[in-house]
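The primary structure of each chain is shown beneath.
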Amino acid sequence: KQEVTQIPAALSVPEGENLVLNCSFTDSAIYNLQWFRQDPGKGLTSLLLIQSSQREQTSGRLNASLDKSSGRSTLYIAASQPGDSATYLCALATQGGSEKLVFGKGMKLTVNP
Amino acid sequence: NAGVMQNPRHLVRRRGQEARLRCSPMKGHSHVYWYRQLPEEGLKFMVYLQKENIIDESGMPKERFSAEFPKEGPSILRIQQVVRGDSAAYFCASSPGSETQYFGPGTRLLVL
């Protein structure tokens, strides 16, 4: 059974710091991995999607990497801003199935001005 | 191009009543997924549907819960005889087939 873990559960940093968010998973047979952002009371916004054959994806200040052999993904946020404050969720789709996503519990990020 | 729409956004029910949650996928998307987010928990997959077909319902509770995605109209997640433990945020996502799932804003169900 695939399990996704995000540690720590919460992080508070001053504005301007470069951040690394961690995600680990137990089964390397994945189809793809996504990072989402969730704002309080809102839905999920997809930030980056990495296919199982890829090593990383970049969008603006965000960079996500994937290492299937070690069962890890990281989301790198450069020059953090207060607007980055949200809960960040890691989710992956397993192979050969219905493409349902298995989510971690998320990491609540607070960027202080 | 409107995103995934869910209604109602908030729903209050008393124990024993029925809850109906609606999801309209993005235009052109024929795949719908339902997820549940319990307080302080991550999102858990419930069911995956294509038009008129349930593809994977491995995450659905065996009793009281059902889902449908008819040929016309929105996808419906129905919860019969709700209990307090059903209080959660229910999210719908749609996709055109594979790749990214696009999520709606969710329906927050509160059972009194």
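Residues numbered from 1 in each chain as written. Chains lettered and ligands numbered in written order. Predicted model: local features only at pLDDT ≥ 70, side-chain atom pairs only at ≥ 80, totals over all residues. Heavy atoms only, no water.

### Considering the overall build of chain B
Helix and strand counts for chain B stand at zero helices and 11 strands. In chain B, the succession of α and β elements from N to C terminus is β-β-β-β-β-β-β-β-β-β-β. Taken over the C-alpha trace, chain B has a radius of gyration of 13 Å; the compact-globule value for 112 residues is 13 Å, and the two agree within 12%. Summarising its shape, the C-alpha atoms of chain B cover approximately 35 × 25 × 25 Å along the three principal directions. Looking at chain B as a whole, 46% of its 112 residues are labelled buried. Intrachain contacts of chain B at a sequence separation of at least 6 include 52% that bridge at least 24 residues. Of the roughly 5,700 Å² of accessible surface on chain B, a fraction of 46% belongs to carbon and sulfur atoms. Each charge class in chain B can be summarised by its mean position, and for the 16 positive and 11 negative side chains these summaries are 8 Å apart. (Helix = DSSP H or I, 4+ residues; strand = E, 2+ residues; numbered from the N terminus. Rg over C-alpha atoms; globule rule 2.2 N^0.38 Å. Buried < 20%, exposed > 50% of the residue type's maximum accessible area, 1.4 Å probe, protein only. Contact = heavy atoms within 4.5 Å. Areas by Shrake-Rupley, 256 points an atom, 1.4 Å probe, with all protein chains shown as cover. Lys, Arg positive; Asp, Glu negative; His and termini not counted. Charge placed at Lys NZ, Arg CZ, Asp CG, Glu CD.)

### Structural notes on the side chain of A:Ser73
Within the secondary structure, A:Ser73 sits in strand S8 (residues 72-77). A distance of 3.0 Å separates a polar atom in the side chain of A:Ser73 from a polar atom in the side chain of A:Trp35. (Polar contact = N/O pair within 3.5 Å; in protein donor to acceptor, adjacent residues only side chain to side chain.)

### Overview of the confidence of the model for chain A
Counting all residues, the mean pLDDT for chain A is 92, and 96% of those residues have values of 70 or more. Mean pLDDT across the elements of chain A ranges from a minimum in strand S5 (residues 44-51) of chain A, with 92, to a maximum in S8(A), with 97. (pLDDT = per-residue confidence, 0-100.)

### Concerning the interface of chain A and chain B
Taken together, the contact pairs 19 residues of chain A with 22 residues of chain B. Applying the counting criterion to the chain A and chain B interface returns two salt bridges. Ionic pairing is found between B:Asp56 and A:Lys100, a salt bridge with its closest N-O pair at 3.7 Å. For the pair chain A and chain B, the number of links is five residue pairs in polar contact (both at pLDDT 80 or more). Going through the elements one at a time, strand S4 (30-38), S5 and strand S10 (101-103) of chain A are the ones with two or more residues in the side of chain A that touches chain B. Residue composition of the side of chain A that touches chain B, by class: seven nonpolar, eight polar and four charged. (Salt bridge = Lys/Arg side-chain N within 4 Å of Asp/Glu carboxyl O. Nonpolar A, V, L, I, M, F, W, Y, C, P; charged D, E, K, R; others polar.)

### Some words on the packing of aromatic side chains
Two aromatic rings are characterised by how far apart their centres lie and by the angle between their planes. Residues and elements named next belong to chain B. The final tally for this structure, using the stated rule, is seven aromatic pairs over all chains. Consider the rings of tyrosine 33 and tyrosine 48, whose centres lie 4.5 Å apart with planes at 5°: the pair is stacked. Linking tyrosine 33 in strand S4 (residues 31-37) with tyrosine 48 in strand S5 (residues 43-50), this pair joins segments that are 15 residues apart in sequence. Both residues of the pair, tyrosine 33 and tyrosine 48, count as buried. (Phe/Tyr/Trp six-rings, centres within 6.5 Å; stacked < 30°, edge-to-face > 60°.)

### Re the sheet that holds strand S1 (residues 5-7) of chain B
All names here are of chain B. Pairing is antiparallel across the open sheet formed by four strands, whose spatial order is S1-S3-S8-S7. Two strands lie at the open edges of the sheet, namely S1 and strand S7 (65-68), each paired on one side alone. On average, each strand axis in the sheet is inclined to that of its neighbour by 15°, with strand direction left out of account. (Pairing = 2+ DSSP bridges. Axes fitted to C-alpha atoms, helices over the stretch in contact; angles between N-to-C directions.)

### As for the layout of surface pockets
The rolling of a water-molecule-sized probe over the atoms marks out the regions of remaining empty space. Put simply, the largest pocket is a space of about 570 Å³. Together, 22 residues line the largest pocket, and A:Gln38, A:Thr87, B:Gln37, B:Glu40 and B:Glu41 are the ones closest to its centre. When residues of the lining of the largest pocket are traced back to their parent elements, those giving at least two are strand S9 (86-94) and strand S11 (107-112) of chain A. Each residue belonging to the lining of the largest pocket can be placed in one class, and the counts come to nine nonpolar, seven polar and six charged. By volume, the second largest pocket amounts to about 320 Å³. In this structure, the second largest pocket is lined by 15 residues; those nearest its centre are A:Lys1, A:Gln2, A:Val102, A:Phe103 and B:Lys44. Within the residue set of the lining of the second largest pocket, elements represented by two or more residues are strand S1 (4-5) and S10 of chain A together with S5 of chain B. When the residues that make up the lining of the second largest pocket are grouped by side-chain class, the tally is six nonpolar, four polar and five charged. (1 Å grid on protein atoms, 1.4 Å probe; cavity = no way out; pocket = protein on both sides within 12 Å on 5 of 7 lines; lining within 4 Å. Points joined across faces, edges and corners; volume = space filled by probe spheres on them.)

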